[in-house]
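Remarks on the overall topology
Given next are the chains, with one letter for each unit.
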Amino acid sequence: MYKRKTTKLVAIGPVLLWLLIILLLLTPVYCALSNPAFVQVSDFGTTFYIAARLVKEGKVSDLYPVLDSYMLHHSAFTTYSHQLLSSLPASQIPLFQYPPLLAYLIEPISYLSLQDAFFVWQFFSVLALCLSIFLLASLGSLNWIVCLAMSLLYLPILHTLLTGQIGIILILLPLSLGYFLLMRGHSLAAGLAWSFLILKIQFLPLALLFVITSLFAKNWRCAAGFAFGVIVLIMCNIFCLGKETTHQWLQLLDTSEALGIDPSYSCNTYLQTSLPRALLQLVPHLLRTKWRIALYFLATGIVLHAFYTCAQLVKKTKDYLSVMPYCFVLGIFLMPMISPHLFFYDLSILVLAGIVIYGEPRFRADHDLIRDLLIGWFFIDIYLVLFVFINPQLAQPIIPVAILAWLYLRILKARRTWLINNVE
C-alpha cells in the first residue's frame, strides 16, 4: 500500500511542475490581456517596439537623441513614443540605448500590433530561457524541467518577461551556449557565441573574462572565434543602418553615464542594482561626478582580482576545463560588482550560475555556500515584492547590492576547494 502511494506521488510530481511552469509563464500574458496600457509603458513598448517602428518607417536618424537632459524631453524618439503610446506618462522619457544592429534585427515586429508583438517577444524570450537552461542542465546531468520551474521562482526572470526586456535572449542564451560549447570541446564556436554579448555591451567584460582565461590555458581558438564574431558584428552595426547612426549610438554610450547622475533626468533608482551605481546614489548630486571616477577605480580593481583568480586556477591545473565551472560562476557574480549599467532584471543571469553550482559536485559539496545562495535568492525576490507591491521608495539599491557583494565573497572563498582539487 505504501509503495502504491509513493508511486502515485512520483507520477504526480512532473505534472505539478508543468502546472507551476505554465501558471508562471501565463502571468505576463494575463497582464497584457487584462491591461493593454501595461504593455504601452513596458520596456518593450517604450524601447524596442518604438525602435522597430522607426526603422520600418525609415526614420533611423531618430533612434538616438542628443544627450541633453532638457532636449531629451523634445527628442524625436520621445515625441514619436508619446504619439504612438497614449498611456505613456508625459514625464516618461523613452530611450533606445542598444546598437543599430539590434534595431535592424527586430524591425519585423513593427508589422504587428503592439500587443501581438509583445506576445511574439515573450514567446522567443521563453524559448531562449528553455534552451539556456536545457544546455546547462545537460552538462550537470540535472532535470531541466525542474531547473526551469526553479528559475521561474527567481523573480528577476519574471521581471524580465513582464517588462519585455531582452536580457534572456541577448545575455542568458549567448552565455549558456558559449559555456556549453566550450565544455564540449568546441572552443572556436564558444568564442563566437560569446561575441554576441557586444549587443548588450555592458556585459562584454564577462565574455572577456572567459576568453582571456582560455588564453592563459593557451587555448587560442576561443579568442579567435570571439574576435571574428566581434569584428563581424561591428561591421554589421556600421552598414545595417549607416555610419551616421552608428556614430550617434557611440555618442549616446559616451555620455549616458553622465545622464545617470543627473538629478533632472527621471529614472527608477530602485532598479539600479549594481555596486558602482548603488554607492553613487548615496553620494550628494554635486559630488557624484568626482566620486564616479573613484568607483571606476574600485570596479577596475575588482575586475583585475577576478582575472588574477581565474589565471591562478588555470595555471595550477592540467585540464583548464575542469576549473571553467568556477570561472563561469565567478564571472556571473562579478557583473553586479563592476557594471554601472546593470539593473534588477539583469540579475536574471544568476540563474545560470545557480544551475552550474547545483550541477557541479565541488560546488554542491559546499553546504554553507548552497545555504547562502538560497538565502540570497530569497532576499532578492523579497526586494522585487518591496518595490512592486509595497513602496518603491523603501526599495534602496544598496540592499540587494549588499547581498550580492556577500555572495560574491562567498564564491571567492570557494576557490580554495578548487585549488586543492586541481593542483597538478
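Since we're looking at a predicted model, the values are computed, not measured.

This next bit is on the overall build of the protein chain. In terms of helices and strands, the protein chain carries 21 helices and zero strands. The C-alpha atoms of the protein chain give 22 Å as radius of gyration, which agrees with the globular expectation for 424 residues (22 Å, within 12%). Viewed in the frame of its principal axes, the protein chain has a C-alpha envelope of about 65 × 55 × 40 Å. Relative to its 424 residues, the protein chain shows a buried fraction of 53%. In the protein chain, 77% of the contacts between residues at least 6 apart in sequence involve partners at least 24 apart. As displayed, the protein chain has an accessible area near 19500 Å², and 68% of this comes from carbon and sulfur atoms. Here the protein chain contributes 26 positive and 18 negative side-chain charges, whose respective centroids are spaced 13 Å apart.

This part takes up the state of the cysteines. Tallied over the entire structure, the rule returns zero disulfides. Here cysteine 222 stays free of any disulfide, with the sulfur of cysteine 327 as its closest cysteine sulfur at 12 Å. Cysteine 236 takes part in no disulfide bond, and the closest cysteine sulfur to it belongs to cysteine 240, at a distance of 7.2 Å. For cysteine 236, a relative accessible area of 34% gives the class partly exposed.

Where helix α10 (residues 187-194) is concerned, the buried positions are Ser187, Ala190, Gly191, Ala193 and Trp194. Mapping the buried residues of α10 onto a view down its axis gives an arc of 160°, with all of them on the same face. Looking at the packing, one finds that the buried side of α10 touches α9 (167-183), α11 (204-216) and α12 (220-240).

Moving on to the packing of aromatic side chains. Considering all chains together, one arrives at 22 aromatic pairs under this definition. Members of the aromatic cluster, connected to one another through ring pairs, are Phe44, Phe48, Tyr49, Tyr64, Phe96, Tyr98, Phe118, Phe119 and Trp121.

This part takes up the side chain of aspartate 372. Looking at where aspartate 372 falls in the secondary structure, it is placed in helix α19 (residues 367-390). In contact with aspartate 372, not counting residues within four places along its chain, are Trp406, Leu407 and Arg410.

Counting 137 residues, the largest nonpolar core has Leu63, Trp194 and Phe333 as the members making the most contacts within it. Once you skip the residues sitting within four places of it in the chain, phenylalanine 333 turns out to touch Leu350, Ala353, Ile357, Leu373, Leu407, Tyr408 and Ile411.

Turning to the environment of phenylalanine 119, a few remarks are in order. Position of phenylalanine 119 relative to the elements: it lies in helix α6 (residues 114-139). Between the C-alpha atom of phenylalanine 119 and that of proline 156, which follows or precedes it by 37 residues, the distance is 19 Å.

What follows concerns the pattern of salt bridges. Where charged atoms of side chains with opposite charge meet at close range, the side chains can pair. Across all of its chains, the model carries eight salt bridges by this definition. One salt bridge in this structure joins arginine 371 and aspartate 368, with 3.5 Å as the shortest N-O distance. Pair noted here: arginine 371 and aspartate 368 are both in helix α19, with a separation of three residues, about one helical turn. Accessibility expressed as a relative area gives 42% for aspartate 368, which makes it partly exposed. Measuring nitrogen to oxygen at the nearest pair gives 3.0 Å for the salt bridge that ties arginine 371 to aspartate 372. Here aspartate 372 falls in the buried class, since its relative accessible area comes to 4%.

The next point concerns the packing of helix α8 (residues 155-163) against α19. Contact pair α8 / α19: the axes reach a minimum separation of 8 Å and the direction vectors enclose 40°. It follows that α8 is oblique to α19 by the angle criterion. Contacts between α8 and α19 involve Leu155, Pro156 and His159 on the former and, on the latter, Ile380, Asp381, Leu384, Val385 and Phe387. The class makeup of the residues in the contact of α8 with α19 is six nonpolar, one polar and one charged.

This part is about unusual backbone geometry. Here serine 141, not a glycine, exhibits a phi torsion of approximately 55°, which is positive. Here serine 141 shows up in the loop between α6 and α7 (144-152). Judged by relative accessible area, which is 69%, serine 141 ranks as exposed. Positive phi, normally seen in glycine, also occurs at lysine 218, with a value near 60°. Note on placement: lysine 218 falls in the loop between α11 and α12.

With that settled, the discussion passes to the packing of helix α15 (residues 288-315) against helix α16 (residues 324-338). In the contact formed by α15 and α16, the axes pass within 10 Å of each other and the chain directions differ by 175°. Here α15 lies roughly antiparallel to α16, going by the angle between them. In contact with Ala299, Ile302, Val303, Ala306, Thr309, Cys310 and Leu313 of α15, α16 contributes Tyr326, Cys327, Leu330, Leu334, Met337 and Ile338.

For the protein chain, mean pLDDT is 87; residues scoring 70 or higher make up 91% of the total. Considering only residues more than four positions removed or in separate chains, one finds that residues 5-11, a stretch of pLDDT under 50, has zero contacts. Considering only residues more than four positions removed or in separate chains, one finds that residues 261-266, a stretch of pLDDT under 50, has twelve contacts.

What follows deals with the environment of leucine 162. Tracing the sequence through the fold places leucine 162 in helix α8. Leucine 162 sits in the partly exposed class, given a relative accessible area of 21%. With near-sequence residues (within four places) excluded, leucine 162 lies in contact with Thr27, Pro28, Cys31, Phe38, Ser42, Phe118 and Gln122.

Each value, and the rule that gives it
Residues numbered from 1 in each chain as written. Predicted model: local features only at pLDDT ≥ 70, side-chain atom pairs only at ≥ 80, totals over all residues. Heavy atoms only, no water. Helix = DSSP H or I, 4+ residues; strand = E, 2+ residues; numbered from the N terminus. Rg over C-alpha atoms; globule rule 2.2 N^0.38 Å. Buried < 20%, exposed > 50% of the residue type's maximum accessible area, 1.4 Å probe, protein only. Contact = heavy atoms within 4.5 Å. Areas by Shrake-Rupley, 256 points an atom, 1.4 Å probe, with all protein chains shown as cover. Lys, Arg positive; Asp, Glu negative; His and termini not counted. Charge placed at Lys NZ, Arg CZ, Asp CG, Glu CD. Disulfide = S-S within 2.5 Å. Arc of directions from axis to C-beta. Phe/Tyr/Trp six-rings, centres within 6.5 Å; stacked < 30°, edge-to-face > 60°. Core = buried A, V, L, I, M, F, W, Y, C linked by side-chain atoms within 4.5 Å. Salt bridge = Lys/Arg side-chain N within 4 Å of Asp/Glu carboxyl O. Axes fitted to C-alpha atoms, helices over the stretch in contact; angles between N-to-C directions. Parallel < 35°, antiparallel > 145°, perpendicular 65-115°, else oblique. Nonpolar A, V, L, I, M, F, W, Y, C, P; charged D, E, K, R; others polar. pLDDT = per-residue confidence, 0-100.

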